[in-house]
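Fold and contact review
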Amino acid sequence: MSALTAVAAGGAAVAVLIFSGTGASAAEAPVNLGTAANFSVLAGSTATNTGPSFLAQSLGVSPGNTAPGFPPGIVGGEIHLGDAVALQAKNDLTTAYNDAAGRTPFTNLPAELGGTTLTPGVYRIGAAQLTGTLTLNSQNDPAAVFIFQIDSTLITASNSSVVFINGASPCNVYWQVGSSATIGTGTRFMGNILAQTSITMNTGATLQGRALAQTGAVTLDTNTINAPVCLQPTGTPTSTPTGTPTGTPTSTPTGTPTGTPTGTPTGTPTGTPTGQPTGTPTGQPTGSPTGQPTLVPTRTELPVTGGRGGGGLLPALTAVGSIAVASGAALLLLLRRRRQLES
């Protein structure tokens with residue numbers, strides 16, 4: 001029985017060694033870069049450039065404060081030289097560097113990476129060399145993470161390349177370099193380079209990712225550094241937002257507003273306004289103005305001229321006129337008789 005126990009214990013020990021020291025993890029979380037993720041280039045002492053290099057994101061230096069060669073180099077983001085923003089990004093870079101360096105379990109790899117195809121996980125290399133093509137296979141997981149823990153240097157030969165198959169994301173590839181990284185002429189490199197000391201990109205080399213150096217310089221020569229593409233949010237967000245908003249808003253607003261407003265406004269305003277305005281204004285204005293103005297002007301006592309004690313003047317004048325007419329008639333009679341006698 002003791003022999004069986006010893007065999008079982010030995011098997012368990014071997015299993016622990018296999019899974020803790022040499023097995024690659026298939027479910028690694030991304031390394032959190034913090035504010036350093038906003039920078040295409042982040043350097044400790046200085047960042048220098050020759051030729052028309054292009055940085056899609058920001059450029060930062062801390063604790064140094066110089067960046068000769070910009071222009072002619074073009075920075076798509078902001079430039080932070082020795083300021084608080086650059087200092088915070090450097091602090092976040094240190095945290096990210098330590099996180100990447102401490103990930104376990106890991107798989108040991110030989111120095112030469114060219115001609116190799118790797119699946120997601122954590123890999124440890126003494127001094128990394130890339131000649132030719134390194135292929136990263138995400139196994140149809142766009143959120144797959146690749147972490148390379150390099151004890152000393154990372155050096156690529158001219159015209160080497162890192163390529164992806166089955167949906168890998170450059171933003172989830174991390175190169176933690178214990179000293180310095182040198183990207184050869186014309187190389188097409190992918191991922192975030194987190195170097196302890198310095199990073200040099202030779203003429204015409206391109207990087208889809210970030211060149212982040214803690215203490216030394218970042219040196220560029222006619223290079224292009226594009227922001228890494230992240231593909232994680234493709235599957236999950238599409239189904240959830242599409243279903244919920246479409247069903248609820250469509251049914252509720254359509255039913256309620258249509259029924260209530262149509263019935264109430266149509267009935268009430270039509271009856272009340274029509275009756276009141278028509279009856280009241282028509283009767284009052286027509287009767288009052290027509291009667292009073294007509295009576296007042298008609299009863300004018302025009303013979304006011306005789307109202308000042310002239311009531312007996314008219315008969316007196318009439319009598320005088322009658323006497324005058326009678327006297328005139330008598331005179332005419334006398335004249336006629338006188339003429340008759342004389343003849």
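Each remark here, short or long, concerns the structure printed above.
One structure accompanies this document, and this report is about it. (Residues numbered from 1 in each chain as written. Predicted model: local features only at pLDDT ≥ 70, side-chain atom pairs only at ≥ 80, totals over all residues. Heavy atoms only, no water.)

**Re the environment of Asn-159**
One can find Asn-159 in the loop between strand 13 (154-156) and strand 14 (161-165). Distance from Asn-159 to Gly-186, taken between C-alpha atoms, is 4.6 Å for residues 27 residues apart in sequence. Leaving out residues up to four positions away in the same chain, Asn-159 has contacts with Thr-185, Gly-186 and Thr-187. (Helix = DSSP H or I, 4+ residues; strand = E, 2+ residues; numbered from the N terminus. Contact = heavy atoms within 4.5 Å.)

**A few points about the pattern of salt bridges**
In total, this model carries two salt bridges according to the counting rule given. Residue Arg-103 is joined to Glu-28 by a salt bridge in which the shortest nitrogen-to-oxygen separation is 2.9 Å. Taken together, the residues Arg-103 in the loop between helix 2 (84-101) and strand 7 (107-108) and Glu-28 in the loop between helix 1 (2-21) and strand 1 (39-43) connect sequence positions 75 residues apart. The exposure classification of Arg-103 matches that of Glu-28, with both residues buried. Between Asp-99 and Arg-103 there is a salt bridge, with its nearest N and O atoms 2.8 Å apart. With relative accessibility at 28%, the residue Asp-99 sits in the partly exposed group. By relative accessible area, which is 12% here, Arg-103 ends up buried. One continuous salt-bridge network, built from bridges that share partners, spans Glu-28, Asp-99 and Arg-103. (Salt bridge = Lys/Arg side-chain N within 4 Å of Asp/Glu carboxyl O. Buried < 20%, exposed > 50% of the residue type's maximum accessible area, 1.4 Å probe, protein only.)

**Notes on the side chain of Asn-49**
Its place among the elements puts Asn-49 in strand 2 (residues 47-50). According to the relative accessible area criterion, Asn-49 is buried, its value standing at 9%. Reaching out from Asn-49, the side chain makes a polar contact with the backbone oxygen of Gly-51 at a distance of 2.8 Å. Within the structure, the side chain of Asn-49 is placed 2.5 Å from the side chain of Ser-53, a separation counted as a polar contact. (Polar contact = N/O pair within 3.5 Å; in protein donor to acceptor, adjacent residues only side chain to side chain.)

In short, shape yes, function no, at least from these values alone.
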